[in-house]
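Residue-level listing of the chains:
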Amino acid sequence: TALSEIAGVLNENGIDTEIFQIGSDPIRGCVGCGGCAGKNRCVFQDQVNVALDKAAKADGFIFGSPVHYASAGGANTSFLDRMFFAGKENMVYKPGAAVVSCRRAGSTATLDQLNKYFTISSMPLVGASYWNMVHGNTPEEVLQDKEGLQTMRNLARNMAWLLHCIEAGKKAGISVPQPESGNTTNFIR
């Protein structure tokens, strides 16, 4: 419900959208095998690789999650762990936002959890006029959360504005920053 509200406003602002839903098939967790290194593909053949193909062509992302036990759903966490580990280069410098839906509590902890995927991947984080959350136990109840839906629409407007600004910057010859690399610190000696 929240993502559909966002998609409608993005479409009104000239931004094409696609809602990609996981959960119909099992999502394995990352096992840290390193088989994805340099391939932009996960060794496990499932929705993660489908999403990575779509991510390569996307200009920005809004990830939504229900709140389960005061955190993102397990399938979402497994999915995002693998997607960002295997395909981070498809995300870098593309704006991202998280949206959560909960019955009552755990929403801000879930937002914090999801936003970390963006901040570790050099992605501009898009916010709204309040925390990116809606409340309700059913889609019908979410439709009663007027402030939450307003926040979704404001998030969509902010995402559309930032995407248009990035496009204008590219046309003006402004390139993405060149990050430093090579320094790592291991605190266990």
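Refer to the structure above for everything that follows.
Residues numbered from 1 in each chain as written. Predicted model: local features only at pLDDT ≥ 70, side-chain atom pairs only at ≥ 80, totals over all residues. Heavy atoms only, no water.

**A short note on the side chain of Asn-90**
Part 1 of the reasoning: Summarising the element assignment, Asn-90 is placed in the loop between helix H3 (74-87) and strand E3 (96-102).
Part 2 of the reasoning: For Asn-90, a relative accessible area of 8% puts it in the buried group.
Part 3 of the reasoning: At a separation of 3.0 Å, a polar atom in the side chain of Asn-90 contacts the main-chain carbonyl oxygen of Leu-52.
Part 4 of the reasoning: When sequence neighbours within four positions are dropped, the list of residues in contact with Asn-90 reads Asn-40, Leu-52, Ala-55, Ala-56 and Phe-61. (Helix = DSSP H or I, 4+ residues; strand = E, 2+ residues; numbered from the N terminus. Buried < 20%, exposed > 50% of the residue type's maximum accessible area, 1.4 Å probe, protein only. Polar contact = N/O pair within 3.5 Å; in protein donor to acceptor, adjacent residues only side chain to side chain. Contact = heavy atoms within 4.5 Å.)

**Concerning the sheet that holds strand E1 (residues 61-68)**
Part 1 of the reasoning: Spatially, four strands are ordered E2-E1-E3-E4 in an open sheet, and the strand pairing comes out mixed. This sheet does not close on itself; its edge strands, each paired only once, are strand E2 (71-72) and strand E4 (133-135).
Part 2 of the reasoning: Where E1 lies against E3, six bridges are found, and the strand directions are parallel. Across the sheet, residue Pro-66 finds its bridge partner in E3, namely Ser-101. (Pairing = 2+ DSSP bridges.)

**Quick notes on helix H2 (residues 47-57)**
Part 1 of the reasoning: Taken residue by residue, H2 has Gln-47, Val-48, Asn-49, Ala-51, Leu-52 and Ala-55 as its buried positions.
Part 2 of the reasoning: Those residues of H2 that are buried lie in contact with E1 and H3.
Part 3 of the reasoning: With a side-chain oxygen positioned 3.0 Å from the backbone nitrogen of Val-48, the residue opening H2 is Asp-46.

**Focus: the packing of aromatic side chains**
Part 1 of the reasoning: Inspection of the entire model under this criterion finds seven aromatic pairs.
Part 2 of the reasoning: Judged by centre distance (6.0 Å) and plane angle (20°), the rings of Phe-63 and Phe-118 are stacked. Within this pair, whereas Phe-63 is found in strand E1, its partner Phe-118 is found in helix H4 (residues 107-119), the two being separated by 55 residues in sequence. The same class applies to Phe-63 and to Phe-118, which are both buried.
Part 3 of the reasoning: The residue whose ring lies beneath Arg-28 is Phe-44, and the NZ or CZ to ring-centre distance is 3.7 Å. (Phe/Tyr/Trp six-rings, centres within 6.5 Å; stacked < 30°, edge-to-face > 60°. Lys NZ or Arg CZ within 6 Å of the ring centre and 35° of its normal.)

**Re helix H1 (residues 2-12)**
Part 1 of the reasoning: Those residues of H1 that fall on the buried side of the exposure criterion are Ala-2, Ile-6, Ala-7, Val-9 and Leu-10. For H1, the buried positions fall inside an angular range of 170° around the axis, keeping them on one side.
Part 2 of the reasoning: Summarising the contacts, the buried residues of H1 are in contact with E1, E3, E4 and helix H6 (146-171).
Part 3 of the reasoning: Once H1 finishes, Gly-14 follows within two positions and takes phi at roughly 80°, a positive value. (Arc of directions from axis to C-beta.)

**Observations concerning the side chain of Asn-40**
Part 1 of the reasoning: Among the secondary structure elements, Asn-40 is positioned in the loop between H1 and H2.
Part 2 of the reasoning: Discounting chain neighbours no more than four positions away, the residues touching Asn-40 are Leu-52, Ala-86, Gly-87, Glu-89 and Asn-90.

**Quick notes on the pairing of E3**
Part 1 of the reasoning: For E3, the buried fraction is high: six of the seven residues fall into the buried class.
Part 2 of the reasoning: In this sheet, E4 lies alongside E3 in parallel orientation, the contact comprising three bridges. Its bridge partner being in E4, Ser-101 is matched across the sheet by Val-134.

**Notes on the environment of Cys-102**
Part 1 of the reasoning: Examined against the element boundaries, Cys-102 turns out to sit in strand E3.
Part 2 of the reasoning: With 22 residues separating them in the primary sequence, Cys-102 and Pro-124 have C-alpha atoms 25 Å apart.
Part 3 of the reasoning: Look past the residues within four positions of Cys-102 in its chain and what remains in contact with it is Val-67, Ser-107, Val-134, His-135 and Gly-136.

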